[in-house]
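Coordinates in review
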Amino acid sequence: MLNKDYIRVCFLYSRMMSIYGDRGNIICIKKRVEWRGREVVIDEYNVGDKKYNFEDVDLFFFGGGQDIHQIEVALDLKTVGKMINRQVVDKRAALLAICGGMQLLAKYYQPTLGDRIEGTGLFDAYTRGGKERFIGNVVVESEIGGEKNNLVGFENHSGRTYANWDNMKPLGKALIGRGNNGEDGTEGMVFQNAVGSYLHGSLLPKNPWLADWLIQKAFIRRYDDYQLEELNDDVEKKANEAAQVVAENVGKVSNISEV
Ligand code: GLN
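As the structure is a computational prediction, the values presented were derived from the model and not from experiment.

Another aspect to go through is the pairing of strand β8 (residues 149–163). Counting buried positions along β8 yields 12 of 15 residues, so the element is predominantly enclosed. In this sheet, β8 lies alongside strand β7 (residues 125–142) in antiparallel orientation, the contact comprising 14 bridges. Each residue of the ladder has a partner; that of glycine 136, found in β8, is glutamate 155. Linkage of β7 to β8, two consecutive antiparallel strands, is achieved through a turn of 6 residues, within which glycine 145 is found at a positive phi near 80°.

Pasting the structure below:
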């Protein structure tokens, strides 16, 4: 039995969907909760796991992956996708989905080669594969958590994602990098307590505002009214600033490969 206040985190498809440091987001969430004297239970859900109880999850994390893995995961989502959607939409769970994970929680992903991969439709968006990959460091102007900050991360995707913004907002505006589709300047999406983004990196350690926004939502889901203390983020902010300098100097988009 846990003695302290806690949240339950579910790392979706941790074996197939976790690239370019995505697992670091889980470590970041764990540390930021523990530094505040609370506890965190981390479950890993993978294809075919039977009887996992999605109804007790406060915060989902879903990383990126290769198309081949997305096909297998999409098949499993036909069984459990509705439960994940319901937990976010009706039960106020927080969620962070990166790149391929975000694509699978939207309506569909049509790769350049091969059949259309169906998503769960949590995000009102769809993705089509493009000829060149978007690869590079990204800086995103974002107002997540109420204040304006520049989020930093790394993108590597051929998918272009187009969203219907009637019920969602972009996570922010791509100042450097391609973002959702390389056309409209948007990066990522926010729907209720769910955030989608193309930013690997890991994303959360260098962007503590976003980490805390998700953690706070998770505690509110479990305990209703809940306020977490501020942490000293001097080191995290320095890392963020350093990553912005790198992005400005060497990280501009390099389309190095054709699909
Ligand atoms: N396969 C997808 C794309 O290239 C997702 C890649 C990823 O998750 N990094 O668009």
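Structure's up, so let's keep going.
Moving on, we get to the packing of aromatic side chains. Aromatic ring pairs: the centre-centre distance and the angle between the two ring planes describe each pair. Overall, the coordinates contain 13 aromatic pairs when judged by the stated rule. Judged by centre distance (5.5 Å) and plane angle (40°), the ring pair of tyrosine 13 and phenylalanine 62 falls under tilted. With tyrosine 13 in the loop between β1 (6–12) and α1 (24–34) and phenylalanine 62 in strand β3 (residues 59–62), this residue pair connects regions lying 49 residues apart in the sequence. Of the two residues, tyrosine 13 and phenylalanine 62, both sit in the buried class. Chaining the aromatic ring pairs together yields one cluster made of Tyr13, Tyr45, Tyr52, Phe54, Phe60 and Phe62.

Turning our attention to the site of the ligand. Looking at the ligand, there are 16 residues lining it, with Asp67, Gln70, Cys99, Gly100 and Gly159 nearest. Asparagine 156 is positioned such that a nitrogen or oxygen atom in its backbone is 3.1 Å from a nitrogen atom of the ligand. Between the ligand and glycine 159 there is a distance of 2.8 Å, counted from an oxygen atom to a backbone nitrogen or oxygen. Starting from 300 Å² of accessible surface for the ligand in isolation, the protein chains cover 98%. When residues of the shell around the ligand are traced back to their parent elements, those giving at least two are α2 (67–89), α3 (100–104) and β8. Here the shell around the ligand takes 4 residues from β8, the largest share from any one element. Along the lines of polarity and charge, the residues of the shell around the ligand split into 4 nonpolar, 10 polar and 2 charged.

What the largest pocket holds in volume is close to 330 Å³. Ranked by residue count, the leading element in the lining of the largest pocket is helix α4 (residues 208–223), at 5 residues. By residue class, the composition of the lining of the largest pocket is 6 nonpolar, 3 polar and 8 charged.

Cut-offs applied
Along every chain, residues carry numbers that run from 1 in the direction the sequence is written. Per-residue local features of the predicted model are confined to residues with pLDDT of at least 70, and side-chain atom pairs are confined, for both listing and counting, to 80 or more; whole-chain, interface and lining totals are unaffected and use all residues. Side-chain calculation: all heavy atoms of the structure are included, whereas hydrogens and water are not. Under the scheme applied here, a residue whose accessible area is under 20% of the maximum for its type counts as buried, over 50% as exposed, and between as partly exposed, the area being computed with a 1.4 Å probe on protein chains only. Comment: elements are numbered from the N terminus, with helices defined as DSSP H or I runs of at least four residues and strands as E runs of at least two. We treat two strands as partners when DSSP finds at least two bridges between them. Aromatic rings from Phe, Tyr and Trp, taking only the six-membered ring of Trp, are treated as a pair when their centres fall within 6.5 Å; an angle between ring planes under 30 degrees marks them as stacked, one over 60 as edge-to-face, and anything in between as tilted. In this text, near means that some heavy atom of the residue lies within 4 Å of the molecule or strand in question. We call two N or O atoms a polar contact when they sit within 3.5 Å, provided that within protein one can donate a hydrogen and the other can accept it, with sequence-adjacent residues counted only if both atoms are side-chain atoms. Only the protein chains shown count as cover for residues, with accessible areas throughout obtained via the Shrake-Rupley method and a probe of 1.4 Å. For this scheme, ten residues count as nonpolar: Ala, Val, Leu, Ile, Met, Phe, Trp, Tyr, Cys and Pro. Four count as charged, namely Asp, Glu, Lys and Arg, and the remainder, Gly too, count as polar. Cavities and pockets are defined on a 1 Å grid built over the protein atoms alone: a cavity is a set of grid points where a 1.4 Å probe fits but cannot escape, while a pocket is an open set with protein on both sides within 12 Å along at least five of seven lines, and lining residues are those with an atom within 4 Å of any such point. Grid points are joined across faces, edges and corners, and a volume is the space filled by probe spheres set on the points.

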